[in-house]
Amino acid sequence: MQPEEFRKYGHEVVDWIADYLAHSERYAVLPQVTPGALVDALPARAPEAGERMEAILADFREKILPATTHWNHPGFHAFFSTTATPPGILAEMLIAALNVNGMIWKSSPAATELEQVTLDWLRDWIGLPPQFGIIYDTASVSTMHAIAAAREAKDPEVRAKGGSGDLVLYTSEHAHSSVEKGAIAIGVGQQNVHKIPVDADFRMRTDALAAAVESDLARGLRPFCVVPTAGTTSTSSIDPVPAVCDIAERHGLWVHLDGAYGGTAAVVPEYRWVLDGADRTDSLVINPHKWLGTPIDLSVLYTRRPEILRRAFSLIPEYLRTAEDPRALNFMDYGVQLGRRFRSLKLWFVMRYYGHQGIAAYIREHIRLASDLASWIEADSRFELCAPVPLSLVCFRQKGSDAENQGLLQKINATGKAFLSHTVLNGRFVLRFAIGNFATGRADVERAWKIIQDSHFSLT
Ligand SMILES: Cc1ncc(COP(=O)(O)O)c(C=O)c1O
């Protein structure tokens, strides 16, 4: 592609993105397509001869878009809402243009050093004491690395000899599945992931944690790690981290805090409490790609014990050996992956463009909107709240059967104007309404609430 052709289509694509971001509500947030429809609509084999950009862009508009779920839509309230902000999108373009591989300092000093700078800035925003930070793709991968470090701290021999048979990890029954997956990935058996029950507000019960650790010790098992959550996936409950740390300190457990979603709320000064106790944990994951305006993917792991993480993963092939310099960090030493994208550039763009106050204003508003929605639900006798609303997630159901609530969810999502997801709480089907997209304002939440009321579903 010649520079002039690139310029022409570059302008066209940027124009399209600008219109899309201005009016993403014109699309159905959840596409009404059947599984396999896109596969059937596209050729089974790639073209032998190159095609023209017009044809590629036309297919993007006519075939790809109709099968896309619009995460950047103001009516996206499923899972945890995310935002690809314009400055983040611009940075993604530059990241792709530079295409550096930040595996070692020398392979791109800028990628390595900007990662250090932005992660220090973010750490400061969320009120953590100085510590090492590293970017991975997702919270699942950040957590897997934390669990590997926890095992290294407990027993470095396992790395050489294998067999983590008697090592036990604790997390709540409401923890994200990535905790269990991370344990499985490093060879800790599923049977050694002990799920601690929660209290009436879905927070890890520390009396049950203490009892489980003591009983496992009595059985000759070796507790090594506990993973509390600040902002659980089902309800956004916040585990009592200081009390978890007390138990962990008594028994020499690594504490890894999953703040993938909720940790971001600590950017708002009056919500710093969400990370109470985080200064005592060994590691913490937070996902700027969830609630911090950064396009997916970008997850951050902080740890006070980087030397343990490095010990767990540093294995340097000869061709990558470089002169030691205390200021030349080689991020490849702190994880499984060798090649690394220049992800910090997008976080840097976003943090600079909005500033601390700008980001905090969005998060504060999302929390306020969630609290208002919760009050509207409580005021309508046909509906009920199903969990406390500490952050920007509202769990509710219509009074009635699970089948009726499933019908309600389908009816809402079929409008194309709002997309909600579900969970099961205390054995009952519950709808989840997450607020987290920077384009979502009061009018959008009011409109979605009206859709919910109008969709009230009856089997009779
Ligand atoms: C609390 C929590 N932890 C971890 C994850 C996994 O995040 P990721 O998709 O970045 O792996 C999620 C996903 O929503 C989550 O809600």
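Since the model is a prediction, treat every value here as computed from it, not as a measurement. (Residues numbered from 1 in each chain as written. Predicted model: local features only at pLDDT ≥ 70, side-chain atom pairs only at ≥ 80, totals over all residues. Heavy atoms only, no water.)

## Some thoughts on the overall build of the chain
For the record, the criterion: Under the scheme used here, helices are H or I runs from DSSP no shorter than 4 residues and strands are E runs no shorter than 2 residues, and both carry numbers assigned from the N terminus. Accessible area is worked out with a 1.4 Å probe on protein chains only. A residue is then buried under 20% of its type maximum, exposed over 50%, and partly exposed in between. The contact definition used throughout considers only heavy atoms, calling two residues in contact when any of these lie within 4.5 Å. For accessible areas, the Shrake-Rupley method is used with a probe of radius 1.4 Å. Any residue's cover is judged against the shown protein chains and nothing else.
Counting its secondary structure elements, the chain contains 15 helices and twelve strands. Principal-axis analysis of the C-alpha atoms places the extent of the chain at approximately 65 × 55 × 45 Å. When each of the 460 residues of the chain is scored for burial, the buried share is 51%. When contacts within the chain are restricted to residue pairs at least 6 apart in sequence, long-range pairs at least 24 apart make up 75% of them. For the chain, the exposed area adds up to about 20,900 Å²; of that, 54% sits on carbon and sulfur atoms.

## As for the sheet that holds strand 4 (residues 193–196)
Here is the rule we go by: Two strands make a pair as long as DSSP finds a minimum of two bridges between them. In this analysis an axis means a line fitted to C-alpha atoms, helices contributing only their contacting stretch, and an angle means the value between N-to-C directions, from 0 to 180 degrees.
If you trace the seven strands from one edge of the open sheet to the other, you get 2-8-7-6-5-3-4, paired in mixed fashion. The open sheet has two edge strands with one neighbour each: strand 2 (132–136) and strand 4. The average angle at which neighbouring strand axes cross in this sheet is 20°, direction not considered. Sheet topology places strand 2 next to strand 8 (residues 299–303); five bridges connect them, and they run antiparallel. Its bridge partner being in strand 8, Phe-132 is matched across the sheet by Thr-303.

## A few points about unusual backbone geometry
For residues that are not glycine, phi is negative in most cases, and the peptide bond is trans in most cases. Residue Asp-297 follows Ile-296 across a cis peptide bond; omega there is 10°. Its location among the elements puts Asp-297 in the loop between helix 11 (288–291) and strand 8. If you check the backbone angles, Phe-202 has positive phi at about 70° while not being a glycine. Topologically, Phe-202 is positioned in the loop between strand 4 and helix 9 (206–218). Phe-202 gets classed as buried once you look at its relative accessible area, which sits at 4%.

## Quick word on the site of the ligand
Using the following cut-off: Working definition: residue near molecule or strand if any one of its non-hydrogen atoms lies within 4 Å of it. Polar contact criterion, stated in full: a pair of N or O atoms within 3.5 Å, where within protein one must be able to donate a hydrogen and the other to accept it, and residues adjacent in sequence count only if both atoms are side-chain atoms.
Surveying the vicinity of the ligand reveals 13 residues, the closest of which are Ala-139, Ser-140, Thr-233, Asp-258 and Asn-287. At a separation of 2.9 Å, an oxygen atom of the ligand approaches a polar side-chain atom of Asn-287. His-289 has a polar side-chain atom sitting 3.3 Å from an oxygen atom of the ligand. Counting residues per element, the ones that place at least two in the shell around the ligand are helix 6 (139–154) and helix 11.

## Points about the packing of helix 9 against helix 10 (residues 241–251)
We apply this condition: Every angle not falling under 35 degrees, over 145, or within 65 to 115 is termed oblique; those three ranges are roughly parallel, roughly antiparallel and roughly perpendicular. In this scheme, a crossing is called left-handed if the near helix is turned counterclockwise away from the far one by less than a right angle; it is called right-handed if the turn is clockwise. Throughout this entry, Asp, Glu, Lys and Arg are counted as charged residues, while Ala, Val, Leu, Ile, Met, Phe, Trp, Tyr, Cys and Pro are counted as nonpolar. The remaining residues, Gly among them, count as polar.
With their axes 9 Å apart at the nearest point, helix 9 and helix 10 run at an angle of 15° to one another. Considered as vectors, helix 9 and helix 10 are oriented roughly parallel to each other. The interaxial crossing formed by helix 9 with helix 10 has right-handed handedness. Contact residues: Thr-206, Leu-209, Ala-210, Val-213, Glu-214 and Leu-217 in helix 9; Ala-243, Val-244, Ile-247, Arg-250 and His-251 in helix 10. For the contact of helix 9 with helix 10, the residue count by class is seven nonpolar, two polar and two charged.

## Points about the environment of Ile-377
Relative to the helices and strands, Ile-377 is located in helix 13 (residues 344–379). C-alpha separation for the pair Ile-377 and Ser-344, spaced 33 residues apart in sequence, amounts to 40 Å. Excluding residues within four positions of it along the chain, Ile-377 makes contact with Phe-383, Glu-384, Leu-385, Val-394, Phe-396 and Trp-449.

## Here we look at helix 8 (residues 177–185)
An α-helical turn contains 3.6 residues, so a residue and the one three or four places further along point in the same direction. Every buried residue belonging to helix 8 is among Ser-178, Val-179, Glu-180, Gly-182 and Ala-183, and all of these are buried. Those residues of helix 8 that are buried lie in contact with helix 6, strand 3 (167–172), strand 4 and strand 5 (222–227). Two residues or fewer past helix 8, Gly-187 is found with a positive phi of approximately 95°.

## Some details on the side chain of Ser-24
Its location among the elements puts Ser-24 in the loop between helix 1 (3–22) and helix 2 (37–41). A distance of 2.9 Å separates a polar side-chain atom of Ser-24 from the backbone oxygen of Asn-72. Here Ser-24 is in contact with Asn-72, His-73 and Pro-74, once residues within four sequence places are set aside.

## Things to note about the pairing of strand 12 (residues 428–434)
Most of strand 12 is tucked away: six of the seven residues are buried. Relative to strand 12, strand 11 (residues 419–425) runs antiparallel, the two sharing five bridges. Bridge pairing links Ser-421 to Arg-432 in strand 12.

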